[in-house]
Amino acid sequence: MALEQTFSIVKPDATRRNLTGKINAKLEEAGLRIVAQKRILMTRAQAENFYGVHRERPFFNDLVDFMISGPVVVQVLEGDNAVARNREVMGATNPANAAPGTIRKEFAESIEANSVHGSDSLENAKVEIAYFFSGCEIVG
């Protein structure tokens, strides 16, 4: 197993319902350590840049509007195979397809308001972590 870091966002639908602690507990129960965390209100520019890969997709503007609609909690998670482990505990993007016990199955309101974001690869995790955190903010 390889010790990795990955990036996670607790989205506005979950922070609005005060689910950050429950989501963090699920992450920790899955063997992930939260080594950096902060609650922010993302600006439109931050959201547009962060989700820039989706700019040409029809859902882009709705995604940006949703992500700036309330506070989010950005996190760096660490653990053995952290990227895959986080994706497993998050569950499928569409909560209807998510496995029982996953974050999205338990907490998501819809495919868009699905409570969490997680990096899809180690390479993207590094980029996403650097987008929101400086090295001195990550405390292993």
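See the structure printed just above.
Everything quoted here is computed from the prediction, not taken from an experiment. (Residues numbered from 1 in each chain as written. Predicted model: local features only at pLDDT ≥ 70, side-chain atom pairs only at ≥ 80, totals over all residues. Heavy atoms only, no water.)

Colleague: Tell me what's going on with helix α2 (residues 20-29), and back it up with residues and numbers.
Modeller: Those residues of α2 that sit buried are T20, I23, N24, K26 and L27. Buried residues of α2, seen end-on, are gathered within an arc of 160° and therefore sit on one face of the element. The exposed set on the far side of α2, more than 90 degrees from its buried face, consists of G21, K22 and E29. With its phi angle positive at about 95°, G31 sits one or two positions after the end of α2. (Buried < 20%, exposed > 50% of the residue type's maximum accessible area, 1.4 Å probe, protein only. Helix = DSSP H or I, 4+ residues; strand = E, 2+ residues; numbered from the N terminus. Arc of directions from axis to C-beta.)

Colleague: Outline the pattern of salt bridges, supporting the account with residue identities and numerical values.
Modeller: Once their charged atoms are close, side chains differing in charge can pair, the charge on each being opposite to the other. Scanning the model with the defined rule gives 7 salt bridges in all. Across the pair R16 and E109 runs a salt bridge, and its minimum N-O distance is 2.8 Å. Here the residue R16 occupies a position in helix α1 (residues 12-16), and E109 occupies one in the loop between α6 (103-107) and β4 (116-118), the gap between them amounting to 93 residues. A salt bridge links E109 to R17, with the nearest nitrogen and oxygen atoms 3.4 Å apart. (Salt bridge = Lys/Arg side-chain N within 4 Å of Asp/Glu carboxyl O.)

Colleague: Can you tell me about the layout of surface pockets, naming the residues and giving the values?
Modeller: The method is simple in principle: a probe with the dimensions of a water molecule rolls over the atoms, and the space it marks as empty is what remains. When its volume is computed, the largest pocket comes out at roughly 720 Å³. If you trace the largest pocket, you find 23 residues lining it, with Y51, V53, H54, L63 and H117 closest to the centre. Of all the secondary-structure elements, those providing two or more residues to the lining of the largest pocket are α3 (44-50), α5 (82-90), β4 and α7 (122-132). With 4 residues, the top contributor of residues to the lining of the largest pocket is α7. For the lining of the largest pocket, a count of residues per class yields 10 nonpolar, 7 polar and 6 charged. (1 Å grid on protein atoms, 1.4 Å probe; cavity = no way out; pocket = protein on both sides within 12 Å on 5 of 7 lines; lining within 4 Å. Points joined across faces, edges and corners; volume = space filled by probe spheres on them. Nonpolar A, V, L, I, M, F, W, Y, C, P; charged D, E, K, R; others polar.)

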